[in-house]
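The residues making up each chain are set out below.
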Amino acid sequence: MRANLTTARLRLRPLSAADEGVWLDTFNRPEVAHWLSAPPYPYTAADFAEFLATASTRALWVIEDESGACGSVALNPALGYWLAPRAQGRGYMLEAAQAVLADHFADPAANDVRSGYFEGNAASARVLTRLGFAETARTLELCRPLGRERPHVGMTLTREGYAAANPFLLTTPQLVLDPVTEADAPAIRRIVTDPRVGRMLFVFPPDLSEAGARDLACNWRWLGTPPFRLALRDAPGGALIGAIGLRALNDPEIYYFLAPERHGQGLMREALAAFIPAIAARFSLARLTAKVFADNPASARLLVAQGFRPSGSALQTSPARAAAAPAISYERP
């Protein structure tokens, strides 16, 4: 898990001694404390010092908006969170938790996530439901601030549940960008086996089979985090005319292709202009990379127009080329 995450409105960062004030103020408010399970009540400076001493061993982030620290979200291994009263009702917790869960599920081996809420906490129930959690248990759990057990609703989030609750859909004046499906396999095969497209790409064999195209479509499906590809369509439910995607978060390379009969219409420029800021915001990306063959100046111009700059060159192979050819790497800070 990354130590620092950003969203459209928030910064998520490690705990520091400077956060003592907001911890003491919030945890000593009965209207907040009685929904929490672990903090002592009253909450003292000594309690914060003890917590701070072990903070580096926890997957925990301070939530910070333009006015400073206003809450916390943790994954240890259950998802836990709270917000100061001044920050409640603004959608902050959903935004912060989405960033943490996206980072969690970026690991292909990531486990399901548990969480829950005390009965009566409607705000927490709404957040967890919108994140994709499903109820799995009803038990009695200790509420330490109240010193007694309370009815508790346990919830679990699977990777599939997260993906379904956090769809990736973009629209532009000419396009709809939505997840690739198995039904797109014939269009994928037609486009990437066209020599005008295939030789500009790095991975597609010119004799790609129908079964191979179906496998690609399945591997590219949206599961909530990279790697994935979105289909480019003229309208909702329309045929795939291209695709754009992102590799793993630790290797944030973008890749794209477009049907040759749709070249020259500004479609890929439009798709990139929508896709790049969307993934940068959703996945807290500080940089992006891309790669094009040197004899593909049209693709290079697209990248430069989106703020990419050349970062190196090397010979690269393509199944659709007879020999290795020069390729240029690009990076966008």
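Figured I'd write up the structure that's included with this text.

What counts and what doesn't
Throughout, a residue's number is its position along its own chain's written sequence, starting from 1. With pLDDT at 70 or above as the cut-off, local features in this predicted model cover only qualifying residues; side-chain atom pairs require 80 or more to be listed or tallied, and sums for whole chains, interfaces and linings still use all residues. Values shown for side chains rest on all heavy atoms present in the structure; no hydrogens or waters enter the calculation. A pair of strands is labelled paired if DSSP reports no fewer than 2 bridges between them. What counts as a helix is a DSSP run of H or I of at least four residues, what counts as a strand is a run of E of at least two, and both are numbered from the N terminus. Each axis is a line fitted through C-alpha atoms, and for a helix only the stretch in contact is used; angles between axes span 0 to 180 degrees, taken between their N-to-C directions. Any pair of residues with heavy atoms lying within 4.5 Å of one another is described as a contacting pair. Definition used in this section: a nonpolar core is a set of buried Ala, Val, Leu, Ile, Met, Phe, Trp, Tyr and Cys residues joined via side-chain atoms within 4.5 Å. A 1.4 Å probe rolled over the protein chains alone gives each residue an accessible area, and that area as a share of the maximum for its type sets the label: buried under 20%, exposed over 50%, partly exposed in between. Stacked, tilted and edge-to-face are the three classes assigned to paired rings of Phe, Tyr and Trp, where Trp is represented by its six-membered ring and a pair needs centres within 6.5 Å; plane angles under 30 degrees give stacked, over 60 edge-to-face, the rest tilted. The criterion is that NZ of a Lys, or CZ of an Arg, lies within 6 Å of the ring centre and within 35 degrees of the ring normal, and then a charge sits over that ring. The rule for a salt bridge is simple: a side-chain nitrogen of Lys or Arg has to be within 4 Å of a carboxyl oxygen of Asp or Glu. Taken from the helix axis, the directions to the C-beta atoms give the arc we talk about.

Things to note about the sheet that holds strand β16 (residues 325-332)
Okay, so step 1: One open sheet accounts for 3 strands, arranged β14-β16-β15; its pairing is antiparallel. In the strand order of this sheet, the two ends are held by β14 (288-293) and β15 (309-316), each with one partner. For this sheet the average axis-to-axis angle between neighbouring strands, irrespective of direction, equals 25°.
Okay, so step 2: Pairing of β14 with β16, which is carried by 6 bridges, proceeds in the antiparallel orientation. By the bridge assignment, L288 is partnered in β16 with R332.
Okay, so step 3: Of the strands in this sheet, β14, β15 and β16 touch helix α11 (residues 297-305), which is tilted by about 160° from β14.

Structural notes on the sheet that holds strand β9 (residues 170-171)
Okay, so step 1: Sheet architecture is open: 5 strands sit in the order β9-β10-β11-β12-β13, paired in antiparallel fashion. Each edge of the open sheet carries a strand with a single partner, namely β9 and β13 (254-258).
Okay, so step 2: Direction of pairing for β9 relative to strand β10 (residues 176-179): antiparallel, over a ladder of 2 bridges. By the bridge assignment, T171 is partnered in β10 with V176.

A look at the nonpolar core
Okay, so step 1: Grouped together as the largest cluster of nonpolar side chains are 70 residues, with contacts concentrated most on L79, F168, I254, F275, I279 and F283.
Okay, so step 2: Per-element accounting of this core gives the leading share, 10 residues, to helix α4 (residues 92-105).
Okay, so step 3: Leaving out residues up to four positions away in the same chain, F168 has contacts with L177, D178, P179, W222, F228, L230, F275, A278, I279, R282 and F283.
Okay, so step 4: Listed in part, the 19 residues of the second largest apolar core include A187, L201, L216 and W220.

Structural notes on the packing of aromatic side chains
Okay, so step 1: Within the structure shown, the criterion is met by 18 aromatic pairs.
Okay, so step 2: Centroid distance F168 to F228: 5.4 Å. Interplanar angle 40°. Geometry classified as tilted. You can see F168 sitting in the loop between α6 (159-165) and β9 and its partner F228 sitting in strand β11 (residues 228-233), a full 60 residues away along the chain. Taken as a pair, F168 and F228 share a single burial class, namely buried.
Okay, so step 3: Here F204 and F257 contribute two aromatic rings whose centre-to-centre distance is 6.0 Å and whose plane-to-plane angle is 85°, an arrangement assigned as edge-to-face. Of this pair, F204 sits in the loop between α8 (195-198) and α9 (210-219) while F257 sits in strand β13, and the two are 53 residues apart along the sequence. Taken as a pair, F204 and F257 share a single burial class, namely buried.
Okay, so step 4: Within the aromatic cluster, the residues linked to one another by ring pairs are W23, F27, Y43, F48, F51 and W82.
Okay, so step 5: In this structure, R229 is placed above the aromatic ring of W220, and the distance from its NZ or CZ to the ring centre is 4.3 Å.
Okay, so step 6: For the cation-ring pair, R321 lies above F293, with the distance from its terminal atom to the ring centre recorded as 3.9 Å.

Notes on the pattern of salt bridges
Okay, so step 1: Going through the model one piece at a time under the given rule, you end up with 22 salt bridges.
Okay, so step 2: In this structure, the salt-bridge partner of R11 is E64, at a minimum N-O distance of 3.2 Å. Remark: E64 occurs in strand β3 (residues 60-65) and R11 occurs in strand β2 (residues 11-13); sequence separation between them is 53 residues.
Okay, so step 3: You can call E64 buried: its relative accessible area is 18%.
Okay, so step 4: R90 serves as the salt-bridge partner of E66, at 3.7 Å between the closest nitrogen and oxygen. Pair noted here: E66 is in the loop between β3 and β4 (68-75) and R90 is in the loop between β5 (79-83) and α4, with a separation of 24 residues, a long-range link.
Okay, so step 5: Exposure remark for E66: the relative accessible area of 61% places this residue in the exposed category.
Okay, so step 6: By relative accessible area, R90 is classed as partly exposed at 37%.

Remarks on α9
Okay, so step 1: Among the residues making up α9, those that are buried are G212, A213, L216 and A217. Taken down its axis, α9 places every buried residue within 140° of arc, on the same side.
Okay, so step 2: Buried residues along α9 sit in contact with α7 (185-192).

Some remarks on the environment of V127
Okay, so step 1: Assignment of secondary structure puts V127 in helix α5 (residues 122-131).
Okay, so step 2: Sequence separation of V127 and G91 is 36 residues, and the distance between their C-alpha atoms is 8.7 Å.
Okay, so step 3: Sequence-distant contacts of V127, defined by excluding residues within four places in its chain, comprise Y81, M93 and L94.

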